[in-house]
Amino acid sequence: MKDKVTIHTLKRLKQSGQKICMVTAYDATFARILDEGGADVLLVGDSLGMVIQGQESTLPVTMDQMVYHSAAVSRGAKRAHVVGDLPFMSYQVSPHEAVRNAGRLVAEGNVGSVKLEGGAEFADTVRAIVRASIPVMGHLGLTPQSVHKMGGYVVQGRDEDAARRMLDDALALEEAGAYALVLEGVPLELARTITQSLKIPTIGIGAGKHCDGQVLVCYDLLGMNPDFKPKFVKRFANLHGNITEAAGTFFSEVRAGTFPDEDHSFKANKNVRLVAATPVGPGVVDAPAEGAEKVGAIYGAPV
């Protein structure tokens, strides 16, 4: 196994010009598969509210849920660095509350760092978490926890004033101690400017090719939802079709009685004489036939 990826590894990747590969994961099985596939970073995103829970936004996701999924992903990851999202209202109330919740993700979820959304207004919060020895990844642009403020999931930073504010936010987060920055739903020219202005790596999603790395939701890149077709997503597989076909074949064989066959059934170590139970009515004691051997419930073991 290659060396474990750390926040220092990611900084070196930026310095060397090697792109960073990040993908979301929500359970141990997917974490293991994506880790084996070569992921540098596994993000336990609060996007689980939408892709796992079927919610309309990330806002209902709780700290307990993030801790649960983070712990599962951490158990499945061997090489990749694991980042856990701080969910809505887990860090906005106060820096003290943010540190406490970030600590939960590290101590209980076993993540290597946490991610939070927002710009300069959360610089003090980032400083407080970093001061507690917990690495912080920032997130600018289309920030899903601010969906109501943005008026929907729309590209951010398209005009000059908004672009300048985002650059200032990025610099403020870097100065506060963030080790990396996600840029989501940002024009590629602005993403390039921000990336070139920072010493810390940027990871884009819908932010063009000039970022230091890229991230996608695992279910999106694997093609598990044919109805979700945003411009920034490329499907690298069609698991929706593959899973639907495999499940349909299973159901057909069950209904036809061809599964399970002998190859998928267990056999006893030796011949065991079993006595089928005789259905009896209420209040009637079911007695074995005269001369029959009493048997237990497990593989006909004699009582």
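Above this text sits the structure in question.
Residues numbered from 1 in each chain as written. Predicted model: local features only at pLDDT ≥ 70, side-chain atom pairs only at ≥ 80, totals over all residues. Heavy atoms only, no water.

Asker: Describe the packing of helix H5 (residues 95-107) against helix H6 (residues 123-131), with residues and values.
Answerer: For the pair H5 and H6, interaxial distance at closest approach is 9 Å and the crossing angle is 45°. Here H5 is positioned oblique relative to H6, judged by the angle of their axes. At the point where H5 passes H6, the crossing takes the right-handed sense. Residue-level inspection shows Pro95, Ala98, Val99 and Ala102 of H5 in contact with H6, the latter providing Thr125, Ala128 and Ile129. (Axes fitted to C-alpha atoms, helices over the stretch in contact; angles between N-to-C directions. Helix = DSSP H or I, 4+ residues; strand = E, 2+ residues; numbered from the N terminus. Parallel < 35°, antiparallel > 145°, perpendicular 65-115°, else oblique. Left-handed = near helix turned anticlockwise from the far one by under 90°. Contact = heavy atoms within 4.5 Å.)

Asker: Give a detailed account of the pattern of salt bridges, specifying residues and quantitative values.
Answerer: Inspection of the entire model under this criterion finds eleven salt bridges. When the shortest N-O distance is used, the salt bridge between Arg79 and Asp40 registers 3.1 Å. Taken together, the residues span a long stretch of sequence, with Arg79 in the loop between helix H4 (63-76) and strand E3 (81-85) and Asp40 in the loop between helix H2 (28-36) and strand E2 (41-44) at a distance of 39 residues. One network of salt bridges, in which partners are shared, links Asp64, Arg104 and Glu108. (Salt bridge = Lys/Arg side-chain N within 4 Å of Asp/Glu carboxyl O.)

Asker: Which residues make up a nonpolar patch on the surface, and what values do they have?
Answerer: A cluster of nonpolar side chains, Met50, Val51, Ile52 and Tyr153, forms an exposed patch at the surface whose accessible area comes to about 300 Å². Along the chain, the position of Met50 falls in helix H3 (residues 48-51). (Patch = residues over 30% accessible without salt bridge, like charges linked within 9 Å, V, L, I, M, F, W, Y side chains within 5 Å. Areas by Shrake-Rupley, 256 points an atom, 1.4 Å probe, with all protein chains shown as cover.)

Asker: Go over H2 with me, naming the residues and quoting the values.
Answerer: Residues lying three or four places apart along an α-helix face the same way, a consequence of the helix completing one turn every 3.6 residues. Every buried residue of H2 is accounted for by Phe30, Ala31, Leu34 and Asp35. The arc enclosing the buried residues of H2, seen along the axis, measures out at 130°, which places them on a common side. For H2, the secondary structure elements touched by its buried residues are strand E1 (20-24), E2, H4 and helix H10 (218-221). Where H2 starts, the residue carrying a side-chain oxygen 3.1 Å from the main-chain nitrogen of Thr29 turns out to be Asp27. Gly38, located one to two residues past H2, shows a positive phi value of around 115°. (Buried < 20%, exposed > 50% of the residue type's maximum accessible area, 1.4 Å probe, protein only. Arc of directions from axis to C-beta. Polar contact = N/O pair within 3.5 Å; in protein donor to acceptor, adjacent residues only side chain to side chain.)

Asker: Got a sec to walk through the nonpolar core? Specific residues and values, please.
Answerer: In terms of nonpolar packing, the biggest core is built from 72 residues, with Leu42, Leu86, Val114, Ile129, Leu183 and Ile194 touching the most fellow members. Of all the elements, helix H8 (residues 160-176) adds the most residues to this core, at six residues. Not counting the four nearest positions on each side in its chain, Leu42 is found in contact with Val23, Ala25, Ala31, Leu34, Val73, Ala77, Ala80, His81, Val82 and Val83. (Core = buried A, V, L, I, M, F, W, Y, C linked by side-chain atoms within 4.5 Å.)

Asker: Account for the sheet that holds E1, naming residues and giving values.
Answerer: In spatial order, the strands read E1-E2-E3-E4-E5-E6-E7-E8; together these eight strands close into a barrel with parallel pairing. Neighbour-to-neighbour, the strand axes of the sheet open up by a mean angle of 25°, direction not taken into account. Note that E1 and E2 share three bridges and pair parallel. Bridge pairing in E2 links Val23 to Leu42. (Pairing = 2+ DSSP bridges.)

Asker: Account for the environment of His240, with residues named and values stated.
Answerer: Locating His240 in the fold gives a position in helix H11 (residues 239-256). In sequence terms His240 and Gln65 are 175 residues apart; their C-alpha atoms lie 26 Å from each other.

Asker: Provide a residue-level description of the layout of surface pockets, including the pertinent values.
Answerer: If you add up the space inside the second largest pocket, you get close to 500 Å³. Elements with a minimum of two residues in the lining of the second largest pocket: strand E5 (136-141), helix H7 (147-150) and H8. For the lining of the second largest pocket, the leading source of residues is H8, giving four residues. Considered class by class, the residues forming the lining of the second largest pocket number seven nonpolar, ten polar and five charged. (1 Å grid on protein atoms, 1.4 Å probe; cavity = no way out; pocket = protein on both sides within 12 Å on 5 of 7 lines; lining within 4 Å. Points joined across faces, edges and corners; volume = space filled by probe spheres on them. Nonpolar A, V, L, I, M, F, W, Y, C, P; charged D, E, K, R; others polar.)

Asker: A description of the packing of H2 against H4 should follow, citing residues and the corresponding values.
Answerer: Two elements in contact, H2 and H4, have axes separated by 7 Å at closest approach and are oriented at 40°. Here H2 is positioned oblique relative to H4, judged by the angle of their axes. Our pair here, H2 against H4, has a crossing hand that is right-handed. Residues Ala28, Ala31 and Arg32 of H2 pack against Ala72, Val73 and Gly76 of H4. Among the residues making up the contact of H2 with H4, the classes are represented as four nonpolar, one polar and one charged.

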